[in-house]
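Residue strings, one per chain:
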Amino acid sequence: MQDTITAIERCRKPVIAAIHGACIGGGIDIITACDVRYCTESAFFSVKEVDLGITADLGTLQRLPSIVGYGKAVELALSARRFSGSEAKELGLVSRVFGSKDAMDEGVQAIAEEIAAKSPLAVTGTKAVLLRSRDLTVVQGLDYIATWNSGMLLSDDLVEARAAQSQKRAPSFSKL
């Protein structure tokens, strides 16, 4: 099952989580594998495994610390306490809290459309480099991005972005 959750993280396209209601145990595994997370005010969260006599084993303990910080992740994982959507925002687990499910659905749709309008090469490249950079030093990460970008300098997306800027229009990229 670890590979199933990791497949979300490895998806080349951005994955957005929209949380409404309970996000407990395996739900935390799933959302921490997503690139961006949003929730409603009524959402609540819990890393519940210790209450079940097990250790979370699908990725929460590996991904949550880099999202919320080590100390906060330890406290959440060891206490199994329930926390609110607003606290999830304070912790950095979610980027935004919406007042209702309808507002969240509309907001997330708008964000997804905004991302989809960007250069597919730039979006997928940004995601790939961010994921890879988690495991590298800054110097190694800079070397990695320099190598990555050297392969993209001749892309149609770069040509289109420059043309659109000079013509003061929105760029037209292929679909993400």
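What you are looking at is a predicted structure, and each value in this text was computed from that prediction instead of being measured.

Basis of the calculations
- Residues numbered from 1 in each chain as written.
- Predicted model: local features only at pLDDT ≥ 70, side-chain atom pairs only at ≥ 80, totals over all residues.
- Heavy atoms only, no water.
- Pairing = 2+ DSSP bridges.
- Helix = DSSP H or I, 4+ residues; strand = E, 2+ residues; numbered from the N terminus.
- Axes fitted to C-alpha atoms, helices over the stretch in contact; angles between N-to-C directions.
- Contact = heavy atoms within 4.5 Å.
- 1 Å grid on protein atoms, 1.4 Å probe; cavity = no way out; pocket = protein on both sides within 12 Å on 5 of 7 lines; lining within 4 Å.
- Points joined across faces, edges and corners; volume = space filled by probe spheres on them.
- Nonpolar A, V, L, I, M, F, W, Y, C, P; charged D, E, K, R; others polar.
- Buried < 20%, exposed > 50% of the residue type's maximum accessible area, 1.4 Å probe, protein only.

1. Structural notes on the sheet that holds strand β1 (residues 16-19)
Taking strand neighbours across the sheet as the criterion, the three strands line up as β1-β3-β6 in an open arrangement whose pairing is parallel. Because the sheet does not close on itself, it has two edges, and the strands there are β1 and β6 (96-98). Pairwise comparison of adjacent strand axes, ignoring direction, gives a mean angle of 20 degrees for this sheet. Pairing of β1 with strand β3 (residues 36-40) involves four bridges; the strand directions are parallel. The residue of β3 that forms the bridge with I16 is V36. Relative to the sheet, helix α6 (residues 101-116) contacts β1, β3 and β6, its axis offset from that of β1 by approximately 175 degrees.

2. Observations regarding the layout of surface pockets
When its volume is computed, the largest pocket comes out at roughly 400 Å³. For the largest pocket, the lining is made up of 18 residues, of which C34, D35, V36, L130 and L131 are closest to its centre. For the lining of the largest pocket, the secondary-structure elements that each account for two or more residues are α2 (26-33), β3, α3 (60-68) and α7 (120-133). With five residues, the single largest contributor to the lining of the largest pocket is α7. Partitioned by chemical class, the residues of the lining of the largest pocket number nine nonpolar, three polar and six charged. Here the second largest pocket defines a volume of roughly 240 Å³. If you go around the second largest pocket, you meet 17 residues; those closest to its centre are L121, A122, W148, N149 and M152. At the level of secondary structure, the elements contributing two or more residues to the lining of the second largest pocket comprise α7, α8 (138-150) and α9 (156-166).

3. Regarding unusual backbone geometry
For residues that are not glycine, phi is negative in most cases, and the peptide bond is trans in most cases. Positive phi, normally seen in glycine, also occurs at A80, with a value near 60 degrees. Mapped onto the elements of the fold, A80 is located in the loop between α4 (70-79) and β5 (83-84). Judged by relative accessible area, which is 5%, A80 ranks as buried. In this structure, K168 takes a positive phi of about 50 degrees despite not being glycine. A residue is classified by how much of its surface remains accessible, and K168, at 77% relative accessible area, is exposed.

All we've got here are geometric facts, nothing functional implied.
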